[in-house]
Every structure is written in C-alpha cells, then in structure tokens.
Amino acid sequence: MHAPANIQLIGQEVAIVWSDGAESYFSFEVLRAASPSAETQGERDIFGQQYGGQGAKKFPGVQVLGWEQVGNYALRFDFSDGHRTGLYSYDYLRKLANLKP
C-alpha cells in the first residue's frame, strides 16, 4: 500500500503525491460526494436492509477545510458543510483517482 508523501490544497482541489511518486487530484465536490461514510453511502444491517445514503449527491461550493491522517491507512477530511465522518483509505483514494476521466 502506498501512503501519501505530501498533501496540499491547491485552488479547489486536494492534491496528493504518493510514496511511489504518483499524483492524484480531487475536486472538493467530487471528494465530498465520494465520502465512504454511512451517512453518504448508507449501510446495511444483518438482514440486508439499507439505511441512509439517500441524501444529497452533489455538493456545489463545498470546501475542504483540513484533513487528518487516521492510523497508517486513511485520511479524514473536514468539509465546510460540517461533514467529517468518512474515512478515505489510501486504497480507496487511489481507486477513486483512477475513476476520473
């Protein structure tokens, strides 16, 4: 697993340089919409019932105010709309970067 070597806020994007030299750029809105939190994605109980995840899917004007490293595997971003519960694993961020056109 590659860890972030450098993280910067550049304009309206989060830029990450990874330990293998790869670079990823995420707009604030895309990063917020892709939050892996139960609030955004929903979660299933043991019977398969879906809870949550039906909220907003677009977040125009949202800002990333900061971030923190969680253990040696994830980042948590602080968004201007108060959201901060999604843990973005390094693997998830790398996959998310590869989905962008």
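Above: the structure in question.
A. Examining the nonpolar core more closely. Grouped together as the largest cluster of nonpolar side chains are 18 residues, with contacts concentrated most on V14, I16, L31, F77 and L93. Of all elements in the fold, only β2 (13–18), α1 (28–33), β7 (74–79) and α3 (90–99) reach the threshold of two or more residues within this core. Ignoring anything within four residues of it in the chain, the contact list for F77 reads V14, L31, V64, G66, W67, H83, R84, G86 and Y88.

B. Molecular detail of the pairing of strand β6 (residues 64–70). Relative to β7, β6 runs antiparallel, the two sharing six bridges. Each bridged residue has a counterpart across the sheet, and for W67 the counterpart in β7 is F77. Between the end of β6 and the start of β7, which pair antiparallel, lie three residues, with G71 showing a positive phi angle near 55°.

C. Representation of the packing of aromatic side chains. Enumeration according to the criterion identifies four aromatic pairs in this entry. Residues W18 and Y90 carry aromatic rings whose centres are separated by 6.1 Å and whose planes lie at 75° to one another, so their mutual orientation is edge-to-face. On the criterion of sequence distance, the pair formed by W18 in strand β2 and Y90 in helix α3 is long-range, its members being 72 residues apart. Across this residue pair, the class does not change: W18 and Y90 are buried. Three or more aromatic residues link up through ring pairs in this structure, and these residues are F77, F79, Y88 and Y92. The ring of F59 carries R32 above its face, with NZ or CZ at 4.1 Å from the centroid. Note that R32 overlies the ring of F79, its terminal NZ or CZ placed 6.0 Å from the centroid.

D. Molecular detail of α3. Within α3 the residues assigned to the buried category are Y90, L93 and L96. For α3, the angular spread of the buried residues around the axis is 120°, confining them to a single face. Exposed residues lying more than 90 degrees from the buried face of α3 are K95, N98 and L99.

Criteria and thresholds
Residues numbered from 1 in each chain as written. Predicted model: local features only at pLDDT ≥ 70, side-chain atom pairs only at ≥ 80, totals over all residues. Heavy atoms only, no water. Core = buried A, V, L, I, M, F, W, Y, C linked by side-chain atoms within 4.5 Å. Buried < 20%, exposed > 50% of the residue type's maximum accessible area, 1.4 Å probe, protein only. Helix = DSSP H or I, 4+ residues; strand = E, 2+ residues; numbered from the N terminus. Contact = heavy atoms within 4.5 Å. Pairing = 2+ DSSP bridges. Phe/Tyr/Trp six-rings, centres within 6.5 Å; stacked < 30°, edge-to-face > 60°. Lys NZ or Arg CZ within 6 Å of the ring centre and 35° of its normal. Arc of directions from axis to C-beta.

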